[in-house]
Structure formats: structure tokens, C-alpha cells
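Fold and contact review
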Amino acid sequence: MSDVDTREPSIAEKSGVDTDTATVAGSFVPTASPPAPQDLEHVPDGGKEAWTVVVGASLALFASAGMVNTYGAFQDYYEATLLPSSSSSSISLIGSLQIFFLYFIGTLTGRVFDAYGTKYLIITGTVITVFSLMMVSLCQKDQAYQVFLSHGVLFGFGIALLFNPAVAVLGHWFRKRRALAIGLTTGGSASGGVVLPILLEKLIPVVGFGWAVRIVAFILLACLIVSCLTIRTRLPLSGHLSFRTAIDLGGFRDPRYTLATIGAFLLFYGFFIPYFYIQIYANFRGVPPNIAKYLLAIMNATNIPSRILPGYIADKTGPLKVFVPAAAVCSVLLLGLWLPSRNSASIIAFAALYGLFSGAFVSLLPSYIASISPREKLGARLGSVYMVVAVASLVGTPTGGALLKETDEAHFRNLIIFCGVLSVAGTVVMGMAGLVGSDFLRRWWPWGGHAEAKAKLEEA
């Protein structure tokens, strides 16, 4: 019998480091003297310790990705008050930098997590994140470089150290209930996007922008202290740090992987544009301020179930069977609802529905990559995809800002059509990935299951 059937499971397989965990953590590197196999095979899948880790991870995402989801409120304030001399494109670049660092640095922090766990990453991320917000609170009017460095670069680096380890550690504690654990944890980021924009909108008129940001920073500090105390690893760590396998370009020989990467680039190029510009659009359309300031919170609130339910369904049906329909619905919403929207009701409906369906992008892309990648190369393959997503996220919203040179009908129409066309193109390409990965084509084409098995048998 060939090694296709008889190979010994790797340490990662025995330890329960599942595909969702590898999404962030990368490949698991065993220690020189791992515990006995029977100890690694046991995964708690619940219990006080495991759910305590979920609580800490949720708070870490509340403070990191939750603040990223809040940037639309900052964008509105920066354009109107703090940085009135700066263009919409340059201001949106600050928020894009946060997302860029979240994905780009995340590829590298996965290797640090493999070697040393969460101990140094969470503490260092906490210090940098809180310090950066304190620096934001001191930024002076029309000093764009101060906001760029503090809110874009420093804050982006800090949240990258928090986000990825907080999700990766869940694989140490959950296997069968991983969809629920990861869904609850990533729901923390959407919850932050609900609470924090409202908090800022209420505080700024009362205490001013500086103290509003400081109060938010203290709240995040409290959340992150809990994360530092509760997030801990369970499985053995390598103690060896190497970035040589952080990415793997070999995956591009697989058409499914190549198409998924192209589709991800197109989708994430325009993904954050509604989050950054919905409040500005509402103000342009004359939506009452007491409604407009809550649109971002509404979008993030409906985002919570879309982080949890799609992953649970995808575990049973396959990621693309959920991802592609969700992306198609988002395309329809952009071109069929946002584009013709002229009043409060239609704009609120778009915000709620786009938030509801777009959350699937974040959770299901890594799930699909995991489903078509070898376990031993999964972390590096995801690293390559996230490098591409990082670039798309970096240039996407500034491109939208460049299209919105003037806040008028024509420029908003161009912005929305641009976003919608990207979504349609990304949906089509992801659908092509599903077609290429269909059972019929996989059976006979070089990347198919029979070809892979034949190649392994020949190697044996």
C-alpha cells in the first residue's frame, strides 16, 4: 500500500490545529520533544478554560478589528474638521494602512505564534495599540503626517499583533466546535464596529475629539488587559522562528488557487469602500444627522451574524457554495440598491443588507483556500493570498477617494459603479474557481483528485 493511505498523521493533525486556525497561524511547527500522541489528540472543545480563551480573543478582536470597522466615523470627522485641507483619497489611505498591516504583518506574526505562542504578541500589541491612540488624540489640525503615522502606521502595526494570534489560538482548544468558537470570536470585531462609532459620535460633541479618543483608548486597554490574562496556548510550541516559509508561490500552479486569489483581489479592492463612505454619502443625500451617524453601526451590527452563520453552513456544504452567492448578493446591493438610493429608507436598507452579506468574505476566503491546499503548506499558501489581499485593501479605498474628488452626484455615481463592477468581476472569478474545482473537471484535469493520487502513487 502506498503512503497515500498509510502515512503517519502529522503533529498538526494530531494536535487539532484545524484549517481555520491555520488561516492565521500558518503551518504548525512541532517541538523537538512533543508530548505523547494521546495527549495531543485530546482537544477540549469546551470547558471553562477553552471558553475563557474565547472571551479573551473576542475582546482582542473588539479592540483591533473593531476599531478598523470604526474608521468610517474617523473618515467623516477628519474630512470635515481635523484634516479639511486633505483630499478624501489621502484620508482614506490612513484607514487602508490599518487593513494592509492587519493582513501583511499577519502573515509574519503567524510564524511568531508558531514559535512562542501569544505571550509576547498580545502584550506588545496592547502597548502599541493603546499608545498609538493616545498619539492620535494629540494630532493637530491639518497635520496629516501626524495622523498618518499614529493612526495609520503605528495603530495598524499594533492591531496586527493582536488579531492573528487571537484567532490562531482557538485551534489549540477547539476542533468539532471550531465554527462556533471562531464565529463568536470574529463577532467581537463586528461588535466593536457597532459600539465604538456610536461612542465616538456621542463623546466628540461633549468632550472634544482628543478626549473622546483617549476614553476609547482606555476602554480598549481594559479589554486588552483581560485578553492578556485569558488568552493562552495549550499545544507545544516550536521555539524556533523562521520566516522562510511565510509564503508559498507554488500554489499558483493550481488554477483553483490562482482564480481564488484573483477573485479575492477584486472583491477586497472594493470591499471596504461602503464602510468608509456610507456616512459621507448619507450626509450628501440629506439624511438626518441623528440617522446618518448610526449607519456604520447598523452595517457592523448586521455583520455579526454573517461572521457566524456562513462558516457554520460552509462546514456542511463547502465554502464556495456560500461565498459565491453572498458575493453575488453584494453585487446586486451595490448596483441595484446603493446606486439608485436617494432617501433615508433605501440608504439604511443598503447599509443593513450589505453588512449582513459582506461578512462572509472575511470568514470564507481562508476556508476555501484551506480546502484546496495541502495541510503542510496551508499557512504559506494563505500567506500568499493575504499578501495580495493586503495590497488590494491598501489601494482600494484611496482609489475610491480619488474618484470622489467632489461630493456631488456624478462623482458618487462613479464611485458606486466602480465598487459594484469590482464586486461583479470578483464574483465571476470566484465562480470560475468553483467550476474548475467541480467533481467532473477535478477527475480528469491535472489538478484533479485522480491526477493527484496518481502522482503520489508514482512517487511511492
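Cut-offs applied
Residues numbered from 1 in each chain as written. Predicted model: local features only at pLDDT ≥ 70, side-chain atom pairs only at ≥ 80, totals over all residues. Heavy atoms only, no water. Helix = DSSP H or I, 4+ residues; strand = E, 2+ residues; numbered from the N terminus. Contact = heavy atoms within 4.5 Å. Areas by Shrake-Rupley, 256 points an atom, 1.4 Å probe, with all protein chains shown as cover. pLDDT = per-residue confidence, 0-100. Axes fitted to C-alpha atoms, helices over the stretch in contact; angles between N-to-C directions. Parallel < 35°, antiparallel > 145°, perpendicular 65-115°, else oblique. Left-handed = near helix turned anticlockwise from the far one by under 90°. Nonpolar A, V, L, I, M, F, W, Y, C, P; charged D, E, K, R; others polar. Salt bridge = Lys/Arg side-chain N within 4 Å of Asp/Glu carboxyl O. Buried < 20%, exposed > 50% of the residue type's maximum accessible area, 1.4 Å probe, protein only. Phe/Tyr/Trp six-rings, centres within 6.5 Å; stacked < 30°, edge-to-face > 60°. Lys NZ or Arg CZ within 6 Å of the ring centre and 35° of its normal. Core = buried A, V, L, I, M, F, W, Y, C linked by side-chain atoms within 4.5 Å. Polar contact = N/O pair within 3.5 Å; in protein donor to acceptor, adjacent residues only side chain to side chain. Expected span 1.5 Å × (residues − 1). Bend = angle between axes of the 7 residues up to and from the residue. Patch = residues over 30% accessible without salt bridge, like charges linked within 9 Å, V, L, I, M, F, W, Y side chains within 5 Å.

1. Here's the deal with the overall build of the protein chain
Counting its regular elements, the protein chain contains 21 helices and zero strands. Counted over contacts in the protein chain with a minimum sequence separation of 6, partners at least 24 positions apart contribute 86%. Working note: accessible area of the protein chain is about 18300 Å², and carbon and sulfur atoms make up 66% of it.

2. Side note on the confidence of the model for the protein chain
When pLDDT is averaged along the protein chain, the result is 82, and 83% of the positions lie at 70 or above. Between residues 1-40, whose pLDDT stays under 50, and residues either more than four places distant or in other chains, the model counts 95 contacts. For the stretch residues 449-460, pLDDT sits under 50, and the model shows 14 contacts to residues farther than four places along the chain or on other chains.

3. Brief notes about the packing of helix α12 (residues 255-271) against helix α17 (residues 344-371)
Where α12 contacts α17, the two axes come as close as 11 Å, and the packing angle between them is 150 degrees. In terms of their interaxial angle, α12 and α17 are classed as roughly antiparallel. α12 and α17 meet at a crossing whose hand is left-handed. Between α12 and α17, the residues in contact are R256, Y257, A260, A264, L267, F268, G270 and F271 and Y354, S358, F361, V362, L365, Y368 and I369, respectively. Classifying every residue of the contact of α12 with α17 gives twelve nonpolar, two polar and one charged.

4. Section: the pattern of salt bridges
Scanning the entire structure with this criterion turns up four salt bridges. Among the salt bridges present, the one from E409 reaches R285, with a minimum N-O distance of 2.8 Å. Separated by 124 residues along the polypeptide, E409 in helix α19 (residues 409-436) and R285 in the loop between α13 (273-284) and α14 (289-292) bring together distant segments of the chain. Residue classification places R285 among the buried residues on the basis of a relative accessible area of 18%. In this structure, E409 and R342 form a salt bridge, with 3.1 Å as the shortest nitrogen-oxygen distance. Here E409 is found in helix α19, whereas its partner R342 is found in the loop between α16 (320-338) and α17, with 67 residues between them in sequence. We classify R342 as partly exposed; its relative accessible area is 42%. In this structure, a network of salt bridges that share partners links the residues R285, R342 and E409.

5. Observations regarding the packing of aromatic side chains
Summed over all chains, the structure comprises 28 aromatic pairs. With centroids separated by 5.3 Å and ring planes inclined at 20 degrees, the aromatic side chains of Y103 and Y386 adopt a geometry described as stacked. Remark: Y386 occurs in helix α18 (residues 378-403) and Y103 occurs in helix α8 (residues 88-116); sequence separation between them is 283 residues. Judged by relative accessible area, which is 14%, Y386 ranks as buried. Between F271 and F272 the ring centres are 4.6 Å apart and the planes differ by 85 degrees, which places this aromatic pair in the edge-to-face class. Here F271 and F272 have matching classes, each one buried. Residue placement shows R214 over the ring face of W211; its charged tip is 4.8 Å from the ring centre.

6. Things to note about the nonpolar core
The nonpolar side chains of soluble globular proteins are, as a tendency, buried together. Counting residues in hydrophobic clusters, the biggest one holds 125 residues, and the most contacted among them are Y78, F268 and F323. It is helix α11 (residues 178-230) that contributes the most residues to this core, 13 residues altogether.

7. A look at the side chain of S137
Mapped onto the elements of the fold, S137 is located in the loop between α9 (119-136) and α10 (144-168). Under the relative-accessibility criterion, S137 is labelled buried at 7%. Here R214 takes part through its side chain, which lies 3.2 Å from a polar atom of the side chain of S137. Every residue in contact with S137, bar those within four places of it in the chain, is listed here: G210, V213 and R214.

8. Some remarks on α17
An α-helix turns once per 3.6 residues; consequently, residues spaced three or four apart project the same way. Relative to the 40 Å expected for 28 residues at 1.5 Å per residue, α17 spans 41 Å between its end C-alpha atoms, a close match to the ideal helical length. Within α17, the axis deviates most sharply at S363, by approximately 35 degrees, and proline P366 lies no more than four positions further along. Where α17 starts, the residue carrying a side-chain oxygen 3.3 Å from the main-chain nitrogen of A345 turns out to be N343.

9. Digging into the side chain of T70
Within the secondary structure layout, T70 lies in the loop between α6 (65-68) and α7 (71-82). Filtering out sequence-adjacent residues up to four positions away, T70 remains in contact with G192, G193, L196, P197, L200 and L296.

10. So, a nonpolar patch on the surface
On the surface, L335, I417, V421, V424, V428 and M432 cluster together to form a nonpolar patch covering roughly 450 Å² of accessible area. Looking at the element boundaries, M432 is found in helix α19. For M432, a relative accessible area of 40% puts it in the partly exposed group.

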